[in-house]
Amino acid sequence: RFDRARQACNSLRNRYTSSYAVYDMDMHEKEVYSAKLLEDFDRALAEKQLQVLYQPKYNIKGKEPTLASAEALISWQHPQFGRVRPDAFIPLFEENGLIQRLDRYVWREAARQIRVWKDKIGYTVPVSVNVSRVDMYDANIVYTLLEILEESKLEPGDLHLEVTESAYAEDAEQIIETVKRLRSMGFLVEMDDFGTGYSSLNMLSSLPIDVLKLDMKFISTAFSEGKDTHMLEIIIEIARHISVPVVAEGVETEEQMTALKNIGCDMVQGYYFSPPVPAEKFEVCLQEARRKQAAKE
């Protein structure tokens, strides 16, 4: 009874319009579901239920979009629940300390796959991997990443690191120090989910980042009924001032892509070009990009 009362109480955190909560079947089922995901994590890793998908990023500055890089994303095909959305298990793993193991799994799988593409078709693009807040506090993160690169015989430029804006804002000094170490080793660091956190413009101008990545909700809001892209223009102008390219994620329509191109956005990512796809499907994008490059040469 105490455990269930505590869970009901905890559900009120950051809910300032409610002063009480009731433990019910919905809360119970959610608890059982979360417990099952945590219990099955080791098995998911061992049986490759967790699949790394790749979503392309396209450079839109030229006459026609060109493949520039990709982001590695995770999908869980659970034997009981079917496809489990990342937003169902990633926050759970962040709370329970499993996120580091998941991140390292994705880093290794992405690195291994890049090596396969290099050997098989002689062409690849950098792949961005997510680096959680917990990873950034790990004193051995640089050595872990270098070890993964050594295993697959890759260079730091092959893996780009995406760090969320909220991580920078939460403990700026320590995060900045870690980012500086990573960049000094040759890694390119992207600020992910910009537009959802609280970093000031002054802070943005002083942060050690190589790419600014706009959050998909920020994009969808800008292209809502009002279609006010003025704020996007301001951010892109600031990024240009500090010599940092901008990636817009969550781009779903030609209208959005064209508008972003017209206001100076450098790269886009989203369903307009492609959803996250398995490695074998992304390989088709690589082969096409290689053919276009060869034709230009």
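Residues numbered from 1 in each chain as written. Predicted model: local features only at pLDDT ≥ 70, side-chain atom pairs only at ≥ 80, totals over all residues. Heavy atoms only, no water.

Peer 1: If you had to explain the overall build of the chain to someone new, which residues and values would you point to?
Peer 2: Scanning the chain for helices and strands turns up 14 helices and 9 strands. The principal-axis extents of the C-alpha atoms in the chain amount to approximately 70 × 45 × 35 Å. The buried share of the chain, taken over its 297 residues, is 44%. For the chain, the accessible surface area stands at approximately 16,200 Å², while carbon and sulfur atoms represent 50% of it. (Helix = DSSP H or I, 4+ residues; strand = E, 2+ residues; numbered from the N terminus. Buried < 20%, exposed > 50% of the residue type's maximum accessible area, 1.4 Å probe, protein only. Areas by Shrake-Rupley, 256 points an atom, 1.4 Å probe, with all protein chains shown as cover.)

Peer 1: I'd like to hear about helix H7 (residues 141–152), residue by residue, with values.
Peer 2: When the terminal C-alpha atoms of H7 are compared, their 17 Å separation across 12 residues agrees well with the 16 Å that a helix rising 1.5 Å per residue should span. Taken as a whole, H7 has its buried residues at Ile 141, Val 142, Thr 144, Leu 145, Ile 148, Leu 149 and Ser 152. End-on, the buried residues of H7 take up no more than an arc of 165°, which puts them together on one face. Exposed residues pointing more than 90 degrees away from the buried face of H7 are listed as Tyr 143 and Glu 150. Buried positions along H7 lie against helix H5 (99–121), strand E4 (127–131), helix H6 (133–136), strand E5 (159–164) and helix H9 (172–184). One or two steps after H7, the chain reaches Lys 153, where phi turns positive at roughly 55°. (Expected span 1.5 Å × (residues − 1). Arc of directions from axis to C-beta. Contact = heavy atoms within 4.5 Å.)

Peer 1: Mind laying out the pairing of strand E7 (residues 211–214), listing which residues take part and the relevant values?
Peer 2: Side chains Val 211 and Lys 213 project from E7 onto one buried face, and the interleaved Leu 212 and Leu 214 project onto a second face that is buried too. In the sheet, strand E6 (residues 188–194) pairs with E7 via 3 bridges, with the strands oriented parallel. Counterpart to Glu 190 in the pairing with E7 is Val 211. Bridge analysis of E7 against strand E8 (residues 246–249) gives 3 bridges, and the strand direction is parallel. Residue pairing in the sheet places Lys 213 in a bridge with Val 247 of E8. (Pairing = 2+ DSSP bridges.)

Peer 1: Describe the environment of Ser 152, with residues and values.
Peer 2: Structurally, Ser 152 is set in helix H7. With 139 residues separating them along the chain, Ser 152 and Arg 291 place their C-alpha atoms 25 Å apart.

Peer 1: Could you give me a rundown of the packing of aromatic side chains, with the residues and numbers involved?
Peer 2: One pass over the full model with this rule turns up 10 aromatic pairs. Ring centres 5.5 Å apart and planes at 80° place the aromatic pair Trp 76 and Phe 89 in the edge-to-face group. Separated by 13 residues along the polypeptide, Trp 76 in strand E2 (residues 66–78) and Phe 89 in helix H4 (residues 86–96) bring together distant segments of the chain. A relative accessible area of 0% places Trp 76 in the buried class. On the accessibility criterion, Phe 89 (0% relative accessible area) is buried. Here Trp 76 and Phe 93 contribute two aromatic rings whose centre-to-centre distance is 6.2 Å and whose plane-to-plane angle is 40°, an arrangement assigned as tilted. Taken together, the positions of Trp 76 in strand E2 and Phe 93 in helix H4 put the pair 17 residues apart, joining distant regions of the chain. In textbook terms, an aromatic cluster arises when at least three aromatic residues are bridged by ring pairs, as seen for Phe 41, Trp 76, Phe 89 and Phe 93. (Phe/Tyr/Trp six-rings, centres within 6.5 Å; stacked < 30°, edge-to-face > 60°.)

Peer 1: Requested: an account of unusual backbone geometry, with residues and values cited.
Peer 2: At Lys 48, a position not held by glycine, the phi torsion is positive, near 60°. Mapped onto the elements, Lys 48 comes out in the loop between helix H3 (41–46) and strand E1 (50–59). The backbone phi angle of Lys 153 is positive, close to 55°, even though this residue is not glycine. Looking at where Lys 153 falls in the secondary structure, it is placed in the loop between H7 and E5.

Peer 1: Hey, could you go over the pattern of salt bridges for me, with residue numbers and the actual values?
Peer 2: Under the criterion given, the structure shown has 24 salt bridges. Here Arg 101 and Asp 42 are joined by a salt bridge, their closest N and O atoms 2.7 Å apart. Residue Arg 101 is found in helix H5, and its partner Asp 42 is found in helix H3; the two are separated by 59 residues along the sequence. Using a relative accessible area of 41% as the deciding quantity, one classes Arg 101 as partly exposed. Of the residues examined, Asp 42 reaches a relative accessible area of 46% and is grouped as partly exposed. With a shortest N-O distance of 3.1 Å, Glu 47 and Arg 43 are connected by a salt bridge. (Salt bridge = Lys/Arg side-chain N within 4 Å of Asp/Glu carboxyl O.)

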